[in-house]
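The chain contents come next:
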Amino acid sequence: MRNNNKTAVAILATSLFLAACGGGDGDGDGTGGTLPPVGSALNAGAGSPTGAQGSCSATTSGVNWDALMTEVCPKLSDYNLFANATDPTAAPTRGGVPYDLSTALFSDYTSKYRFIFVPEGKTVSYNPSEVLDFPVGTVITKTFALPANTAMRGGEELVIETRLLIHRTDGWFALPYYWSSDSDATLAIAGKRLANLTTINNQGQQITFDYSVPKAADCNSCHSIVPDLAGPDDDREQIFLPIGPKARYLNTDYAYADGTVYNQLQYWAEGDLLTGLPSDFQSVEQAPVFDDQVSIPSLSADELNDAARAYLDINCAHCHRAGLTLPVDYAGPAGSSGVQLEYGRDYATDPGAFGVCKTPVAGGKDGYPFDVIPGNPDDSYLLFRMTTVDNRHKMPELARNTEHQEGTALIRSWIDNLPAAGCSTAP
Amino acid sequence: MRHRTKLSKLFTVSALASGLLLAGCGDDGEDGKDGKDGVAGNAGPAVVASTTSGFTITDDAIFVAPNAVDGDDITEALSLALFDLPEDALVVLPRGRFTVTEGIIVNSARGLTVTGYGINETILDFSTSNGDDAFRFQGGNGITVRDLGVYEAPKNGIKTTNVNGIHITHTATVWEGPLESDNGAYGLYPLKSQNVLMENNYAYGSADAGIYVGQSENIVVRNNTAKNNVAGIEIENSSMADVYNNIAVGNSGGILSFDLPGLEKAYGSNVRIFNNQIYANNADNVGAGVVGAVPPGTGVIILAASDVEIYNNQITDNDTTAVAITSYFLIDEDVAGYLVSYGATMADGWSPTVKNVYLHNNTIARNGSAPRGALLAPIVAGYTSSMNSSGMSQTFPAILYDGIGELLSNLGARGIGGFNALVGPEAAADGVNYDPYSPGDLICANSNINGNPAPEYDEVNTGLVYPVDPATATFDGNGNPEAQLLIDQMVNNTYLNCTQPRLAPAVVNFRNTIYGCTGDDLADAACAL
């Protein structure tokens, strides 16, 4: 854990991307591997897993792919994912590409720094609605840093944790690393709880809360789809998946370190990292940008609905999903709950799936007769659950220890503006 | 705050033979502690201890915080031990009462056994936990939890989701003190699971259901005690379930069989509730949601569930009623609104009606002395005043059937026959319909025993809120059926006088052993009833 000044670091972080994105070949210095880069792909020169047993103590000039594929290393730096091992927020080792999501999961107001590392010679395949199809060897890093002031992200921030998603030959694997010192992050299988962190939100209020670094075992709570066991002999297992990097959330501009501002999907496609992107780019699904700067009262009715649906999707639908574009007979971990909040679900067909006039099944709370009461957010259990930090009721279950005021304001407004339903006049 | 040292210190038991973690964390430096070097010897594992239920613990087990003393926080050791387990692992929790400050999640475990030293010997106190569920087992198969107690979970006690093969035995989930709304939700909570065996457990103080099986199939719940919960034992949207030899006492409702709308598994079937002792379930209902509507003082309640057999139970001393059998129309009476509110789930086969419930050979005594609950308020008022079919105040029915779903079905197009258009093809093929009730759909009660002393026979009554025969139905000015509050002594067999075929026993296959009335309990007296 340490403080750093992101602005200064960002200036230092450009060289790699200039090399990687400029289409140059043979510009193999910097932090790249000893292999000469092949072609102009974004991951040219990144290297790739050899298939051999890895070692956490191996010295590699590029990403320590073999360790990523086989080892649980005690220190984040063992994997050599960042040019500066003390800074996971910038300057990935050769081949790493930063990305952002247009609407993101709320994680206690932290800033998130995401990078994707795809082995050299491999590409990501497009998927219109599910997470993109990442080849074996892919590594995703996400670093969580709490800004001193949410209105000034990238300024003074407390770097707390870095999570890895690694696509191994037997499936995705997740590891949490906690920045226990300024110099490195250490494996935190059992998680970590940090008391009394503070930030100042966009309204200028100081917020204090406990932050929890999830346990390794917690990752599956959100990152899996589970089989709908079809009978006594059905032994299918849950499948671990990334959540955020779906086309609709990547379909937005990103300001790359070299100053290029470009749509991420097109950037990946033109950088030979992504295949199958439709030539009719207008057909690619796009979730709106929602962040703490968005003025909710200024949104049109359609924009409000779209923003709320994207927010519910990215914050809830990794668990609260069933059917639609999932593999047959799989659902999210809360697929059985009766509330399904996917971006692609048609509201008019089944408002009950959004909790409208639905009596809570498991639990519930006196004074909140239905999950969603159109026109009455105050008595809607769904909004209460997104607001409270009481463990008995709070949603999402993990990684939220304070209210996302901007997010709940959005959902409040959405519920207020839903068409009246049978329970709307309920006391 | 250097994790490296903490990690190595925690891996005191080298039998945690996860090469993965050991590789990650380096040599723990403590091999050989307590004379165990973790390398399997040639003689095979030796027995080192036995739990109070007689389960043997061998030296090849993974011992979590073996040297912990009462009051210690064992969260980190527990989290580490239950991450990335080898197949068929035996994980042993220490003897004593310990604090756990996070929810413990176990993923895709295969053949795992988690044991303490006994239901009262190993107690994990989650009262200061920052998590929600105490334990959650997600995915996996052949998982056993035994010989421990989980206290004061912020939300659910032990939840298992999408597990094929879950055996919970000699395990307690407890919220101490009075039953209050902020006690936890479910105690023992298998959800979307197959081959569920729950036995010899103790569930106390849940503000929802003490033992709850939801959206699961092939279930045996036996020899448990559920006390002082809102719902004692609840089987919800589940199929092939046997609930027998249990004690349900001091709950608001003793044993529940529910089908609730809007769930992925839209409806259950074939639930047998037999040879249970269901008495004095008179706690105030502090619950929320649908379970919050259960009238305090209810022995058994069947809500919108079909194919249920209730037999040879002792159902006594419940203040409101022994057995309530009701459609969902008692919860939501807005019949015209069902299309909008429940159309999608009705397409999947959920139905507000209740069909084929067979109640026989139960001993029923001393129920109905103080009926109450907002759900039944007008019904209670009618039966306990002269406003019922007998024209005089009656002891509230020990067997209460709402009848409205059956009447509306029997009314055809004038009733809910139109709901047939909502039923999807798969559900229709499975027999879901809104036709007039056929003989196989009927609610039947016979051969039940009035356990009251002879002069008080008239205190065990059967009541029908609505007549089920359109010919005797009456209608208000809006054409809606009127409640008639029919009542007569149970022994007269005036109402519900029919029989149904017996239901099939549930079969649980847990790690290739068959449990239940076709398996290990083949010779049990209850299974011969």
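Residues numbered from 1 in each chain as written. Chains lettered and ligands numbered in written order. Predicted model: local features only at pLDDT ≥ 70, side-chain atom pairs only at ≥ 80, totals over all residues. Heavy atoms only, no water.

### A closer look at the overall build of chain B
Put simply, the rule is: Every helix listed is a DSSP run of H or I at least four residues long, and every strand listed is a run of E at least two residues long, numbered separately from the N terminus. The globule rule used here is 2.2 Å times the number of residues to the 0.38 power, and the radius of gyration it is set against is calculated over C-alpha atoms. Using a 1.4 Å probe on the protein chains alone, a residue whose accessible area is under 20% of its type maximum counts as buried, one over 50% counts as exposed, and one in between counts as partly exposed. Note on contacts: a residue pair qualifies if any of its non-hydrogen atoms lie within 4.5 Å across the two residues. Computed by Shrake-Rupley with a 1.4 Å probe, the accessible areas treat only the displayed protein chains as cover when residues are assessed. Here the positive residues are Lys and Arg and the negative ones are Asp and Glu; neither His nor the chain ends is included. Where a charge lies is defined by one atom per residue type: Lys uses NZ, Arg uses CZ, Asp uses CG and Glu uses CD.
Within chain B one finds 7 helices and 36 strands. The C-alpha atoms of chain B give 25 Å as radius of gyration, which agrees with the globular expectation for 529 residues (24 Å, within 12%). Expressed as lengths along the three principal axes of its C-alpha atoms, the size of chain B is roughly 85 × 50 × 45 Å. Within chain B, the fraction of its 529 residues that count as buried is 61%. A separation of at least 24 residues holds for 68% of the contacts in chain B among residues at least 6 apart in sequence. Surface summary for chain B: the accessible area is close to 17,900 Å², and the carbon and sulfur share equals 50%. Side chains of chain B give 24 positive and 58 negative charges; the mean places of these two sets differ by 8 Å.

### Considerations on empty space enclosed by the protein
To be explicit about the condition: Buriedness for pockets is judged along seven lines, at least five of which must meet protein on both sides within 12 Å for an open set on the 1 Å grid over protein atoms alone, while cavities are sets there where a 1.4 Å probe fits but cannot get out, and lining residues have an atom within 4 Å of a point. Grid points are joined across faces, edges and corners, and a volume is the space filled by probe spheres set on the points. Residue polarity is assigned by list, with Asp, Glu, Lys and Arg as charged and Ala, Val, Leu, Ile, Met, Phe, Trp, Tyr, Cys and Pro as nonpolar; anything else, Gly included, falls into the polar class.
The final tally for this structure, using the stated rule, is 10 cavities of 30 Å³ or more. There is about 750 Å³ of room inside the largest cavity. Every element with two or more residues in the lining of the largest cavity is listed here: α4 (219-223), α7 (301-316) and α8 (381-387) of chain A together with β9 (135-151), β10 (158-161) and β12 (188-191) of chain B. The element contributing the most residues to the lining of the largest cavity is α8(A), with 4 residues. A class-by-class count of the residues in the lining of the largest cavity yields 22 nonpolar, 11 polar and 9 charged. Quantified by volume, the second largest cavity comes out at close to 470 Å³. Taken together, 25 residues make up the lining of the second largest cavity; nearest its centre are Leu105(A), Lys142(A), Arg163(A), His223(A) and Ile243(A). The set of elements that each furnish at least two residues to the lining of the second largest cavity consists of β5 (139-147), β6 (156-168), β7 (171-178) and α4 of chain A.

### Topic: the side chain of Asn452(B)
Residues and elements named next belong to chain B. Condition: Distance and chemistry together define a polar contact, namely a pair of N or O atoms within 3.5 Å, with one atom able to donate a hydrogen and the other to accept it when in protein, and with adjacent residues in sequence counting only for side-chain atoms on both sides.
Topologically, Asn 452 is positioned in the loop between β32 (449-450) and β33 (461-464). Classification of Asn 452 as buried rests on a relative accessible area of 6%. A polar side-chain atom of Asn 452 sits 2.9 Å from the main-chain amide nitrogen of Arg 366. With residues up to four places along the chain from it excluded, the contact list for Asn 452 reads Ile 364, Ala 365, Arg 366, Tyr 457, Glu 459 and Val 460.

### Considering the pattern of salt bridges
Put simply, the rule reads: For this document, the term salt bridge refers to a Lys or Arg side-chain nitrogen within 4 Å of an Asp or Glu carboxyl oxygen.
Counted under the stated rule, the structure contains 32 salt bridges over all chains. Put simply, Arg321(A) and Glu130(A) hold a salt bridge, and the shortest N to O gap is 2.5 Å. One end of the pair, Arg321(A), is in the loop between α7 and β16 (330-331); the other, Glu130(A), is in the loop between β4 (124-125) and β5, with 191 residues separating them in the sequence. The exposure class assigned to Arg321(A) is buried, which follows from its relative accessible area of 10%. Residue Glu264(B) pairs with Lys192(B) through a salt bridge whose shortest N-O separation is 3.2 Å. Remark: Lys192(B) occurs in the loop between β12 and β13 (194-199) and Glu264(B) occurs in the loop between β21 (253-258) and β22 (269-274); sequence separation between them is 72 residues.

### Concerning the domain arrangement of chain A
All names here are of chain A. The criterion, for reference: Each domain's extent is set by a domain assignment, obtained either automatically or from a database. Accessible-area loss on putting two parts together, using a 1.4 Å probe and summing over both, is the definition of buried area adopted here.
One can read the domain layout of chain A as domain 1 (2-281) and domain 2 (291-417). Put simply, the middle of domain 1 and the middle of domain 2, counted by C-alpha atoms, are 27 Å apart. Summing both sides of the interface, domain 1 and domain 2 together bury roughly 2,900 Å²; the carbon and sulfur share of this comes to 53%. Applying the counting criterion to the domain 1 and domain 2 interface returns 3 salt bridges. When the shortest N-O distance is used, the salt bridge between Asp 313 and Arg 248 registers 3.0 Å. At the level of elements, β10 (206-213), α4, β11 (224-227) and α5 (247-250) are the ones that each hand at least two residues to the side of domain 1 that touches domain 2. For the side of domain 1 that touches domain 2, the element with the highest residue contribution is β10, accounting for 5 residues. For the side of domain 1 that touches domain 2, a count of residues per class yields 15 nonpolar, 13 polar and 10 charged.

### Here's the deal with the environment of Ile325(B)
Residue and element names in this part refer to chain B. Examined against the element boundaries, Ile 325 turns out to sit in strand β27 (residues 321-326). Using a relative accessible area of 1% as the deciding quantity, one classes Ile 325 as buried. As a C-alpha pair, Ile 325 and Ala 305 span 20 residues in sequence and 9.0 Å in three-dimensional space. The contacts of Ile 325, once residues within four sequence positions are left out, are Ile 302, Val 354, Val 357, Leu 400, Tyr 401, Asp 402 and Ile 443.

### A look at the interface of chain A and chain B
Facing the 59 residues of chain A at the interface are 60 residues of chain B. At the boundary of chain A with chain B, total buried surface from both sides reaches about 4,800 Å², with 50% on carbon and sulfur atoms. Of all residues in chain A, the largest losses of buried area upon contact with chain B belong to Ser336(A), Asn391(A) and Arg392(A), amounting jointly to 14% of the total for that side. At the junction of chain A with chain B, the criterion picks out 4 salt bridges. Put simply, Glu397(A) and Arg136(B) hold a salt bridge, and the shortest N to O gap is 3.0 Å. Counting residues per element, the ones that place at least two in the side of chain A that touches chain B are β7, β8 (186-187), β9 (192-200), α4 and β11 of chain A. Here the element with the most residues in the side of chain A that touches chain B is β11(A); it accounts for 3 residues.

### Concerning the state of the cysteines
For clarity, the threshold we go by: Disulfides are defined as pairs of cysteine sulfur atoms found within 2.5 Å of each other.
A full pass over the atoms with the stated rule returns 4 disulfides over all chains. Each disulfide pairs two cysteine sulfurs, and for Cys357(A) the partner residue is Cys423(A), the sulfurs being separated by 2.2 Å. Disulfide Cys357(A) to Cys423(A): torsion about the S-S bond roughly -85 degrees, handedness left-handed. Within this pair, whereas Cys357(A) is found in the loop between β16 and α8, its partner Cys423(A) is found in the segment after α9 (405-417), the two being separated by 66 residues in sequence. The exposure class of Cys357(A) is buried, given its relative accessible area of 13%. Classification of Cys423(A) as buried rests on a relative accessible area of 5%. Here Cys517(B) connects covalently by a disulfide to Cys527(B), the sulfurs 1.9 Å from one another. Because the sign of the S-S torsion sets the handedness, a value of about -75 degrees for the bond joining Cys517(B) and Cys527(B) places this disulfide among the left-handed ones. Of the two residues, Cys517(B) sits in the segment after β36 (513-515) while Cys527(B) sits in the segment after β36, which places them 10 residues apart along the sequence. With a relative accessible area of 7%, Cys517(B) lands in the buried category.

### Notes on the pairing of strand β11 (residues 164-174) of chain B
All names here are of chain B. Definition in use: The pairing criterion is simple: DSSP has to find at least two bridges between the two strands.
Burial analysis of β11 places 10 of its 11 residues in the buried class, which makes it a mostly covered element. Of the strand pairs in this sheet, β9 and β11 are connected by 9 bridges, and their pairing is parallel. Each bridged residue has a counterpart across the sheet, and for Val 145 the counterpart in β11 is Ile 168. Two strands pair when backbone bridges link them, and β11 and β13 are joined in this way by 5 bridges, in the parallel orientation. In the sheet register, Ile 166 faces β13, and the bridge partner there is Val 196. Pairing of β11 with strand β14 (residues 202-204), which is carried by 3 bridges, proceeds in the parallel orientation. By the bridge assignment, Val 174 is partnered in β14 with Tyr 204.

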